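A structural walkthrough
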2 protein chains.
Amino acid sequence: MRWTDIADTRCSIARALSVVGDRWTLLLLREAFLGARRFEEYRANTGAARHLVSERLALLVEHGVLERVRYSDRPARFEYTLTDKGAGLHPVIVSLLAWGDRWMPHEDGRSLTLVHGPCGATVTPELRCPDCDGRIEPAGTRHVVAGTARTGTLA
Amino acid sequence: MRWTDIADTRCSIARALSVVGDRWTLLLLREAFLGARRFEEYRANTGAARHLVSERLALLVEHGVLERVRYSDRPARFEYTLTDKGAGLHPVIVSLLAWGDRWMPHEDGRSLTLVHGPCGATVTPELRCPDCDGRIEPAGTRHVVAGTARTGTLA
């Protein structure tokens, strides 16, 4: 199977990955959440090659994850900012951060920390159930696949 | 910059992506959370080419995300199951699922739903602050980059 087919599969994870399942794309999104706007900021802060930045930003605009806004007429220059759809990827980026902090720590410590505005705490966010407020953990979650008998629960 | 260099950067997101920043890898992890164990399950359920499955599973074993366990001696056969480090990626996969459900819905509806074992609710998990229980949202979160003046907050 090729990724051009995957975009049409019924699995939401696969469809999400057809847009953001790529290292550079996710690193560019990190920058967007850190407030990057201009092409040069995205390029310098990720260290990605110019053509990669260009191609990935265009793809994210095409899929409505970033918005391309003209900020100068002569010469024509553009900024790239998150749409609501793009902002919806915050949990993905934050979860990658938390996992890297926990399981692949760097000897010099964390380079990026999150501060929860409303309470001011430095946080490692948790995934919670909106119904009972309990933590969502793999061992306590049933993954139900529609139209099949497959239900996965980790022991 | 190349991805072989990225593995050493101080950013935890980048280090995490050096291991899991790849479509097929994340799709294989979806299968691991759904209970896949054998090579053929991973291959059939993702639709990935045999050499991709083989290479990605080996990489995940090398990084301690999956454990390779022999379940038959003659012929020698192995199962691949999540380690604790691998189980720690649950929020990443669940967040991709929630985003795909919300922003790239399929005309036939959701193929994968999550049921929170302790309360029995069908859930879309939320990212919460462990200190105040409030939701973690990009507009209310300060992203503080160590050793620089960079702090990103989305308006």
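Here, the structure is the one placed above.
A few points on the structure.

Parameters at a glance
- Residues numbered from 1 in each chain as written.
- Chains lettered and ligands numbered in written order.
- Predicted model: local features only at pLDDT ≥ 70, side-chain atom pairs only at ≥ 80, totals over all residues.
- Contact = placed C-beta atoms within 7 Å.
- Helix = DSSP H or I, 4+ residues; strand = E, 2+ residues; numbered from the N terminus.
- Nonpolar A, V, L, I, M, F, W, Y, C, P; charged D, E, K, R; others polar.
- Least-squares fit on C-alpha atoms with pLDDT ≥ 70 in both.
- Pairing = 2+ DSSP bridges.
- Expected span 1.5 Å × (residues − 1).
- Buried ≥ 20, exposed ≤ 12 C-beta atoms within 10 Å, placed from the backbone.
- Arc of directions from axis to C-beta.
- Axes fitted to C-alpha atoms, helices over the stretch in contact; angles between N-to-C directions.
- Parallel < 35°, antiparallel > 145°, perpendicular 65-115°, else oblique.
- Left-handed = near helix turned anticlockwise from the far one by under 90°.

Some remarks on the interface of chain B and chain A
Contacts between the two partners involve 78 residues from chain B and, on the opposite side, 78 residues from chain A. Within the residue set of the side of chain B that touches chain A, elements represented by two or more residues are helix H2 (12–20), helix H3 (23–33), helix H6 (84–87), helix H7 (90–103), strand E3 (112–116), strand E5 (126–128) and strand E6 (141–145) of chain B. Sort the elements by how many residues they give to the side of chain B that touches chain A and H7 of chain B lands first, with 13 residues. Taken together, the residues of the side of chain B that touches chain A break down into 42 nonpolar, 19 polar and 17 charged.

Considerations on the relation of the copies chain B and chain A
For the pair chain B and chain A, the superposition axis carries a translation of 0.0 Å, the fit reaches an RMSD of 0.0 Å, and the rotation angle comes to 180°. Here the two chains are linked by the operation of a two-fold rotation axis. Interface overlap between copies is the fraction of interface residues in one copy that are interface residues in the other; for chain B against chain A it reaches 100%, indicating a shared surface.

Topic: the pairing of strand E2 (residues 77–82) of chain B
All names here are of chain B. Relative to E2, strand E1 (residues 66–72) is paired through six bridges, and the arrangement is antiparallel. Considered in E2, the bridge of Arg-68 is made with Tyr-80. As consecutive antiparallel partners, E1 and E2 are separated by four residues.

A short note on helix H5 (residues 50–62) of chain B
Residues and elements named next belong to chain B. Across its 13 residues, H5 extends 18 Å between first and last C-alpha, which sits within 8% of the 18 Å expected from 1.5 Å per residue. Turning to H5, its buried residues number three or more, namely Val-53, Arg-56, Leu-57 and Leu-60. Projected down its long axis, H5 shows its buried positions confined to an angular sector of 100°, all on one face. Turned more than 90 degrees off the buried face of H5, the exposed positions are His-51 and Glu-62. Buried residues along H5 sit against H3, helix H4 (39–46), E1 and E2. Where H5 terminates, the next one or two residues include Gly-64, which has phi positive at roughly 75°.

Details of the environment of Trp-103 of chain B
Topologically, Trp-103 of chain B is positioned in helix H7. By the C-beta count within 10 Å, which is 20 here, Trp-103 of chain B ends up buried. Beyond its immediate chain neighbours, meaning those up to four positions away, Trp-103 of chain B contacts Lys-85 and Gly-88 of chain A.

Considering the packing of helix H4 (residues 39–46) of chain A against helix H5 (residues 50–62) of chain A
The relative placement of two packed helices comes down to the angle between their axes together with the axis-to-axis distance. Residues and elements named next belong to chain A. It is the contact of H4 with H5, at a shortest axis distance of 10 Å, that shows an interaxial angle of 125°. The angle between H4 and H5 falls in the class oblique. Between H4 and H5 lies a crossing of right-handed hand. Across the interface between the two elements, Phe-39, Tyr-42, Arg-43 and Thr-46 of H4 pack against Arg-50, Val-53 and Leu-57 of H5. A per-class count over the contact of H4 with H5 returns four nonpolar, one polar and two charged.

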